[in-house]
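Now for the letters of each chain:
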Amino acid sequence: MNEIKFEIWPMSEEELLKEETLLSTANGYVGMRANFEEGYPEGYKTIRGTYINGFYDEMSITDDKQSYGNQNVLQTMVNVFDVQGIKLWIDDEAFTLFEGSVLKFERSLDMAQGVSIRKILWQSPHGKQVQIEIRRMASFEKVELVTIDYRVKSINFTGEVTIVSEVDGRVTNHKPFENLSAEDKSNEHLIITDMKVEDDVTIVQGKTKGSNLSMSIAVTHNLKMTHMRDGNCAFSTYSGLLKKGKSIRLHKYIIFTDSRRHGHSSAVAVAYVREAMDHGIEQWYRAQKDFLNSFWRHSKLEIHGDVTLESKVDFNCYQLLSSAGRDSYGSIPARGITSEGCYGHYFWDTDLYMLPFFIMTQPDMARELLMYRYQTLEVSKKSAEKLGHTTGAKIPWRTINGEECSGNQLADIAQYQINVAVAYSFSLYWHMTGDIGFMASYGAEVMIETARLWLDLGNYDHEGRFVINGVTGPDAYSTIVNNNYYTNSMAKWHLLEIGKLLRALEVNNKDEYNSLTNRLKLSLRETKAMAHAAKTMYLPYSQVLGVDLQDDSFEQKAPWDFVNTPMNSFPLSNHYHLLTLYRHKVLKQADAILAHLLLDNRSLSIMSKTYEYYEPYTTHDSSLSYCVYSIMASRVGKKGQALKYLMRAIDLDFDDKSQDTKDGLHMGNMGGVYMSMVYGYGGLRTIDDEISLRPTVPLGWTGYGFTLIYRGSPIKITVTNEEVTIEVEHNLRIVVYDITYIIDQILVITRQQ
């Protein structure tokens, strides 16, 4: 339970790269890949990396024909100074898994203790046996702190042991940017500005080349070390006699700080590392366990009778926690803080696929993630203006600091539907928590400014319908289309939700309501325009097929020839020109049915026919697709497909299905696994202030359970093949299988088949 373990050695370079990602150590602020402390043979494939969430560099784009409004800056998360290195010598023999004999090997991620562990029983070429255990922890209690606990035990010898702890400033990013000017093509983003040792604390400072941000690290140890510097590397060395059967234990305390949060000085890092040392590693372990006990109390997804599957689901939830920023400077990178995939950018994945997990189980953390969007709202308003809009905010498709980072990829910039994703997450938070004060102070402004853009983006056609043209919906294989169903239907919801929110704010606090509308210059005329646009919104629908059409042109396209497409040609965008894909009926991911999931406002017949229509055309080349199809398969009664897509989502990174887990975990998919369990099999829907459930049990399962936090109180839901049990601490009104119940403490009903 709460553990992922690997015991195979030797392994291929590709498998090792995957495990570097899966066993990463992260806490939402700093992430460290699971590279071997002792390193690898020269030329061995590895992505050795450590990253700070929201710490970035920026570079200029080459564009000889710069068009009006084009982006000219790109951003990337920075691979910061390497503090992982610890080398071990037994007399004159260096420890490495690539020489001598590995008698036992085990790597694991303990998600109850919050540590990654590597255990090795190694015999040197000269026959000396040592047992090595290495524990890494990125502290959830003190997010700037990472510890490496390095233990060496002699099995059959007495001899001299030397341990060298390293800090390597010779770092570069592993993932280059394309289409950059010549002066920006280097992957070196962080330059050392100072390296020194003060009272057994190694201090290194650096500055980014383009963004002018700075960061510091401070490192100290529990053992008495000697120190030296060689160029841009610092070494701290311990030597001593190790007797047979005895152990040596080194604690390496590492603090990371950056100028966005802590200022440019290294003083904070030094103070924090001394504090860490004073507390001692056992106290930090206890704090880590206490934090995770609290986390799992409400975040645990139980799967009855399948410990292995439950551990995999735990892994998804744990990684969401580990990559979630807990301040307004960082959000959740699409590939986590585990590698450089997507350059550390934040997408709509966070708002629509990951935030539901936090809103349902950790609302305080959800609030911090939402604040990132509020803090970057002014930048989004400027982005809208740059795109030619006269009002509103355009949330960037991809970003770190709030500015659009899509380069000049117009198909991506046209993803206006991200405005709805952000609005939906604020609305879900409001309805689940009842936190109207937060909405008055922050959420309402984000929802209103993003809604204003619809009035400027859309127009009325000759039939008086409100239409939205020239946009890209969720499906990236159909771009810059007219009247994308998902975009239009969600924009309609967004505009109507503004009316509901304003009414709630006015009832709750008239003065705050007046202050908000005055500050935003929100007039009655504008709110009426929003309501009218929603009322007249055009939603493409085929009377002949009985399905919601993805956009105005989708039905006119030729079907993709899946029969004659080789299996190794997926993802299609890696093997076919995008213009070829744009001309065919083929989906990268769920589109129209995603609106059905979020709104649940179509008849079961239409949802079922729409699912059946698009499912054969969908490649799932996007990691965000499996979960939506799993949820909607559950909704329309296709149990086999629901489980098939859930298992594909759960195993996406474990099995490296996209062949890119080395580039980071697919965080949106991990949020989608949670949604597949709770929205899919639990049948959870939150329409306004009403919670409804429609629980089903997957084929072959005996049951499952999960907990929701609603208005500050937990709701424990347990589902078996026979019954549904709901336990609450306070009176709760809930709808189960379309019947309304008022629960005092516990409700037990027969599960519908």
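Let us look at the structure shown here. Note that the structure is a prediction, hence the values are computed from the model and not measured.

**Some thoughts on the nonpolar core**
Core analysis: the largest hydrophobic core is formed by 154 residues, its most contacted members being W348 and I726. For this core, the element with the most residues is helix α11 (residues 436–457), which contributes 12 residues. Here W348 is in contact with Y353, W397, Q417, I418, A421, P474, Y486, Q589, L594 and L624, once residues within four sequence places are set aside. Of all hydrophobic cores here, the second largest spans 56 residues; its members include M32, L88, Y150 and I163.

**Observations concerning unusual backbone geometry**
Residue W9 is joined to P10 through a cis peptide bond whose omega torsion reads 0°. Along the polypeptide, P10 turns up in the loop between β1 (3–6) and α1 (13–22). With phi around 55°, K521 is a residue other than glycine that occupies positive phi space. For K521, the location among the structural elements is in the loop between α13 (510–519) and α14 (524–535). Using a relative accessible area of 70% as the deciding quantity, one classes K521 as exposed.

**So, the sheet that holds strand β27 (residues 690–693)**
Across the sheet, which stays open at both edges, the four strands sit in the order β26-β27-β31-β32 with mixed pairing between neighbours. Among the strands making up the open sheet, the edge pair consists of β26 (685–687) and β32 (739–743). Mean inter-strand twist for the sheet, computed between neighbouring axes without regard to direction, equals 30°.

**Looking at the side chain of T76**
With respect to the secondary-structure elements, T76 resides in strand β5 (residues 73–79). Of the polar contacts made by the side chain of T76, one reaches the side chain of N173; its length is 3.5 Å. Excluding its chain neighbours within four sequence positions, the residues that come into contact with T76 are F55, Y56, D57, M59, N173, F177, H189, Y343, H345 and I400.

**Remarks on the pairing of strand β11 (residues 145–154)**
Here β11 lies mainly inside the structure; eight of its 10 residues are buried. In this structure, strand β10 (residues 129–138) lies alongside β11, joined through nine bridges in antiparallel fashion. Following the sheet pairing, R135 is matched in β11 by D149. In sequence, β10 turns back onto β11 through a hairpin of six residues. Sheet analysis places β11 next to strand β18 (residues 247–258), joined by nine bridges and oriented antiparallel. Across the sheet, R151 pairs through a bridge with R249, a residue of β18.

**Here we look at the sheet that holds strand β17 (residues 233–242)**
In space, the five strands of this open sheet follow the order β7-β6-β12-β17-β16, with antiparallel pairing throughout. Two strands lie at the open edges of the sheet, namely β7 (93–94) and β16 (226–230), each paired on one side alone. The sheet contact formed by strand β6 (residues 86–90) and β7 spans two bridges and is antiparallel. In the sheet register, W89 faces β7, and the bridge partner there is A94.

**Observations concerning the packing of aromatic side chains**
Evaluated as defined, the whole model comprises 37 aromatic pairs. Judged by centre distance (5.5 Å) and plane angle (85°), the rings of W348 and Y353 are edge-to-face. We classify W348 as buried; its relative accessible area is 2%. Ring centres of Y611 and Y629 lie 5.5 Å apart, and the angle between their planes is 55°; this geometry places the pair in the tilted category. Taken together, the positions of Y611 in helix α17 (residues 604–614) and Y629 in helix α18 (residues 625–635) put the pair 18 residues apart, joining distant regions of the chain. Accessibility assignment for this pair places Y611 and Y629 in one class, buried. An aromatic cluster is built from W9, F36, Y40, Y44, F98 and F105, whose rings are joined through pairwise contacts. Positioned above the aromatic ring of F654 is the side chain of K312, whose terminal nitrogen or guanidinium carbon lies 5.5 Å from the ring centre.

What counts and how
- Here the residue numbering is sequential within each chain, running from 1 through the sequence in written order.
- Totals for whole chains, interfaces and linings use every residue, but because this is a predicted model, local features are given only for residues with pLDDT of at least 70 and side-chain atom pairs only at 80 or more, for both listing and counting.
- Side-chain descriptors were evaluated using all non-hydrogen atoms of the structure, hydrogens and water having been removed beforehand.
- Put simply, a nonpolar core is a bunch of buried Ala, Val, Leu, Ile, Met, Phe, Trp, Tyr and Cys residues held in one set by side-chain atoms that sit within 4.5 Å of each other.
- Each residue is assigned to one of three classes by its accessible area relative to the maximum for its type, calculated with a 1.4 Å probe on protein chains only: buried under 20%, partly exposed between the two thresholds, exposed over 50%.
- Secondary structure is summarised from DSSP: a helix means a run of H or I of at least four residues, a strand means a run of E of at least two, and numbering begins at the N terminus for each.
- Pairs of residues are marked as contacts when any of their non-hydrogen atoms sit within 4.5 Å.
- When DSSP locates at least two bridges between a pair of strands, those strands are taken to pair.
- Fitted lines through C-alpha atoms give the axes, limited to the stretch in contact for helices. The angle between two N-to-C directions lies from 0 to 180 degrees.
- What qualifies as a polar contact is a pair of N or O atoms within 3.5 Å, subject to a donor-acceptor requirement within protein and to the restriction that residues adjacent in sequence count only when both atoms come from side chains.
- Two rings from Phe, Tyr or Trp (for Trp, the six-membered ring) form a pair when their centres are within 6.5 Å of each other. A pair whose planes differ by under 30 degrees is stacked, one over 60 is edge-to-face, and the rest are tilted.
- Two conditions define a charge located above a ring, namely a distance within 6 Å from the ring centre to NZ of Lys or CZ of Arg, and an angle within 35 degrees of the ring normal.

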